[in-house]
Amino acid sequence: MCGRLRSSDAGKKAVIMGWVNKRRDHGSLLFIDLRDRSGVTQVVVNADRNAAIHEKAETLRNEYVIAAIGSVKLRDANTVNPNMPTGEVELVADDIRILNESKLPPFLPSDTALTNEETRLKYRYIDLRRDAMQFNIETRHNVAKAIRDYLSSQGFFEIETPFMTRSTPEGARDYLVPSRVQPGTFYALPQSPQMFKQILMISGFDRYFQIVRCFRDEDLRADRQPEFTQIDLEMSYPQAERVWEVVEGFLKAAFHAAGVEIEPSFPRMDYDEAIRLYGIDKPDLRLPAFTDVRDCFTAENLQELAINGNLPVIAIRTPKVGELSRKERDDIKPMFHSKGGARVYEDFKRIGNKYPDAAAAIAKKTGVEEGDLIVLVAGSAQAGPQTAMPAHRKVTPAELAIYASAGLLRLALAQKYADRHGIFKKTGDAAKDFRFLWVTNFPMFEWDEGEKQWMAAHHPFTSPHEQDMGLLEQGVESVNDPQSTLSAVRALAYDVVLNGTELGSGSIRIHRQDIQAKIFKALGMTDEEARKRFGFFLEALEYGTPPHGGIALGLDRIVMILTGAESLREVIPFPKTARAVDLMVDAPTPVDERQLRDLGISIRKPS
């Protein structure tokens, strides 16, 4: 291969094949950089040695596919290229064979300046020849292999589950597949193998995994694609901690395969604590946590500042930002998005001038250092009376508004000033600063104000805490009440988070049919509706289902982080655009009228 020749091969005969990366004409000497996925070797064609081969080599252009046959020779000391693994040798050609010619591509794999992304995706087969893309796809392969090897060593079976299944209400939209042989009926492409992997536990395959394609017809972002790959696993009889150990084990193997060493065990944090300290359920631990500094102010201070003294006053500390100009301070306000009555106090120096005792207390409590930026988020005193909440709620909606507003601003400030403090840099030590976290004990249900009903916070097959069964029993009697005790039911659910990105989500599952029926009832389903949608699964639960639990992690996201890529499209060989379009094959496209007729489908414009 083009990148494998070394000084120890000097004097040997060799044949190398690949693409012409570059051709340099020095009169009687032609130098051809020949490239394949392993690297580049310099090929030398000498007119004095073989005029016919030299003449043929003069016709070569970028991206021609050729074979070069010749002898490996050490380069002269003054021509050694220390930046190439093959830089000590060259291949002196005895023959050149043109295996295929190439049109001039719209861009070259050797270009240092990237063309626009749409062109790259349209000519993806050219883009994938670039070193960076070859590295990303090789890393993806190595990571997936390491995960497979680790899970196999732990007694897991890799088992495929169906791609054509029935539509399930998991929140996001299904891709539907019409059936020709069963007119008027549809399969759905799976958003996850959730019920199938649970049925595998019922079937006695107590350790299952799969690196599986899944599909969601939803709006795209940099970290989302309509088809994506997840590492899916399920175990029988585990405590949540056992699932975490397995995940930490295969992540250690995966990161090692990419040249990065991490150490389990990951720290753990309750959902409530994550909200109170970071304002988000996937906190980035590279940044300091919040500090509630309400007690640093007197009641008179709070009144003068128009701050609601019954709510938290959050101090956000962003390290090593340095002195901000007036304009930069003014730019903070547009970055702030209030989540219901929250307001921002961006000029801490002004607060310090007016309330020096409060500012000193805040500086001490937050551990502020020279050059750190302090911004306050608090509730407005003019917001009016807050909604009364039942005692079992740990964080009221009014408090949540403060925490959530501060959480968004905390991340926005860090991103805004990343070039100053270097926390998010893609190179150097900052790129290797991996902060993992398990977030646990999520709420079981979330109130949907639009639908006026409770929804599953994770999915409806997640087990509630044993201690919260009484709250569940009470709550199913008032499923249309936003004040229901359902708000306090905790799920045996957990997410693994890395540097503010959710890598995966899992839970201990419901293994009793009676509890599963209660969950469906809490979600507003009648017994008849639950049987219609999940009858096969409810029946399976009645045949000796063992306790079980599992998780699914996004392979694409893991590889994106490991390679320092900016989006999932950089680590997926054939991705879709932000409009869910494959520019290379031009999909999706209309289909022939006869195909629609055979399927019994007619097209009408959405109303």
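Above this text you will find the structure in question.
Worth saying up front: this structure is predicted, and the values here are computed from it rather than measured.

Procedures and definitions
Residues numbered from 1 in each chain as written. Predicted model: local features only at pLDDT ≥ 70, side-chain atom pairs only at ≥ 80, totals over all residues. Heavy atoms only, no water. Helix = DSSP H or I, 4+ residues; strand = E, 2+ residues; numbered from the N terminus. Buried < 20%, exposed > 50% of the residue type's maximum accessible area, 1.4 Å probe, protein only. Contact = heavy atoms within 4.5 Å. Lys, Arg positive; Asp, Glu negative; His and termini not counted. Charge placed at Lys NZ, Arg CZ, Asp CG, Glu CD. Pairing = 2+ DSSP bridges. Axes fitted to C-alpha atoms, helices over the stretch in contact; angles between N-to-C directions. Phe/Tyr/Trp six-rings, centres within 6.5 Å; stacked < 30°, edge-to-face > 60°. Lys NZ or Arg CZ within 6 Å of the ring centre and 35° of its normal. Parallel < 35°, antiparallel > 145°, perpendicular 65-115°, else oblique. Left-handed = near helix turned anticlockwise from the far one by under 90°. Nonpolar A, V, L, I, M, F, W, Y, C, P; charged D, E, K, R; others polar. Expected span 1.5 Å × (residues − 1). Salt bridge = Lys/Arg side-chain N within 4 Å of Asp/Glu carboxyl O.

1. Thoughts on the overall build of the chain
Working step 1: The helix and strand tally for the chain stands at 20 helices and 21 strands.
Working step 2: Taking the principal axes of its C-alpha atoms as reference, the chain extends roughly 95 × 75 × 50 Å.
Working step 3: Taking all 607 residues of the chain together, 48% fall into the buried category.
Working step 4: Counting contacts in the chain only where the partners sit at least 6 residues apart, residues at least 24 apart contribute 70% of the total.
Working step 5: With 79 positive and 86 negative side-chain charges, the chain shows a separation of 3 Å between the mean positions of the two kinds.

2. A few points about the sheet that holds strand β12 (residues 291-292)
Working step 1: Taken together, four strands build an open sheet; the order of strands is β12-β13-β15-β14 and the sheet is antiparallel. Two strands lie at the open edges of the sheet, namely β12 and β14 (342-345), each paired on one side alone.
Working step 2: Direction of pairing for β14 relative to strand β15 (residues 373-379): antiparallel, over a ladder of four bridges. Along β15, the bridge assignment pairs Tyr 345 with Leu 376.

3. Considerations on the sheet that holds strand β5 (residues 89-100)
Within a sheet, neighbouring strands are paired by backbone hydrogen bonds and run either parallel or antiparallel to one another.
Working step 1: As summarised here, the arrangement of the five strands in space is β1-β2-β3-β5-β4, forming a closed barrel in which the pairing is mixed. When strand polarity is set aside, the average angle formed by the axes of neighbouring strands in this sheet is 55 degrees.
Working step 2: In this sheet, β5 lies alongside strand β4 (residues 65-74) in antiparallel orientation, the contact comprising 10 bridges. Bridge assignment links Ala 67 to a residue of β5, and that residue is Arg 97.

4. Details of the packing of aromatic side chains
Working step 1: All chains considered together, the criterion is met by 15 aromatic pairs.
Working step 2: When the ring of Phe 163 is compared with that of Phe 215, the centres are 5.6 Å apart and the planes differ by 85 degrees; the resulting orientation is edge-to-face. You can see Phe 163 sitting in the loop between β6 (157-158) and β7 (175-178) and its partner Phe 215 sitting in strand β9 (residues 207-215), a full 52 residues away along the chain.
Working step 3: Overall, Phe 215 belongs to the buried group, its relative accessible area being 11%.
Working step 4: With 4.8 Å between their ring centres and 10 degrees between their planes, Phe 520 and Phe 534 make a pair best called stacked. Of this pair, Phe 520 sits in helix α17 (residues 513-522) while Phe 534 sits in helix α18 (residues 527-540), and the two are 14 residues apart along the sequence.
Working step 5: One aromatic cluster is present, formed by Phe 255, Phe 266, Phe 434 and Phe 436 through successive ring pairs.
Working step 6: Positioned over the ring face of Tyr 123 is Lys 122, at 5.8 Å from the centre of the ring.

5. Quick look at the environment of Met 17
Working step 1: Assignment of secondary structure puts Met 17 in strand β1 (residues 13-26).
Working step 2: Sequence-wise, Met 17 and Ile 69 are 52 residues apart; in three dimensions their C-alpha atoms are separated by 8.8 Å.
Working step 3: Apart from residues lying up to four places away in sequence, Met 17 is in contact with Cys 2, Leu 34, Asp 36, Ile 66, Ala 67 and Leu 99.

6. As for the pairing of strand β2 (residues 29-36)
Working step 1: Of all eight residues making up β2, seven are buried, and the element is well covered by its neighbours.
Working step 2: Looking at chain direction, β1 and β2 are connected through seven bridges and run antiparallel. Bridge pairing in β2 links His 26 to Leu 29.
Working step 3: Counted between consecutive antiparallel strands, the loop separating β1 from β2 contains two residues, among which Gly 27 sits at a positive phi close to 75 degrees.
Working step 4: In textbook terms, the turn of a hairpin is the stretch between consecutive antiparallel strands, and for β2 and strand β3 (residues 39-46) this stretch comprises two residues.

7. Examining the packing of helix α5 (residues 194-202) against α18
Working step 1: With their axes 10 Å apart at the nearest point, α5 and α18 run at an angle of 20 degrees to one another. As judged from the angle between their axes, α5 and α18 are roughly parallel. Seen along the crossing, α5 lies across α18 with a hand that is left-handed. Taking contact as the criterion, the partners of Met 195, Gln 198, Ile 199 and Ile 202 in α5 are, on α18, Phe 534, Phe 536, Phe 537 and Ala 540.
Working step 2: Among the residues making up the contact of α5 with α18, the classes are represented as seven nonpolar, one polar and no charged.

8. Some points on helix α13 (residues 397-416)
Working step 1: Its 20 residues place the ends of α13 28 Å apart at the C-alpha level, agreeing with the 28 Å of an ideal helix rising 1.5 Å per residue.
Working step 2: What α13 keeps buried is the set Ala 398, Ala 401, Ile 402, Tyr 403, Ser 405, Ala 406, Gly 407, Leu 409, Arg 410, Leu 413 and Ala 414.

9. Points about the pattern of salt bridges
Working step 1: Enumeration over the complete set of coordinates arrives at 38 salt bridges.
Working step 2: Where Glu 63 meets Arg 35, a salt bridge forms, and the shortest distance between an N and an O atom there is 2.9 Å. In this pair, Glu 63 sits in the loop between α1 (51-57) and β4 while Arg 35 sits in strand β2, placing the two residues 28 residues apart along the sequence.
Working step 3: Judged by its relative accessible area of 4%, Arg 35 is buried.
Working step 4: One salt bridge in this structure joins Arg 317 and Asp 372, with 2.8 Å as the shortest N-O distance. Of this pair, Arg 317 sits in strand β13 (residues 313-318) while Asp 372 sits in the loop between α12 (356-366) and β15, and the two are 55 residues apart along the sequence. Each of the two residues, Arg 317 as well as Asp 372, counts as buried.

10. Comments concerning helix α4 (residues 131-153)
Working step 1: Here α4 contains 23 residues, and its C-alpha end-to-end distance of 33 Å stays within 8% of the 33 Å for a straight helix at 1.5 Å per residue.
Working step 2: Buried positions along α4 lie against α2 (117-122), α3 (124-127), β9, β10 (227-236), α6 (240-257) and α19 (555-563).
Working step 3: Looking one or two residues past α4, Gly 155 carries a phi angle of roughly 90 degrees, positive in sign.

Interpretation note: all reported values are geometric properties and have no functional meaning in isolation.
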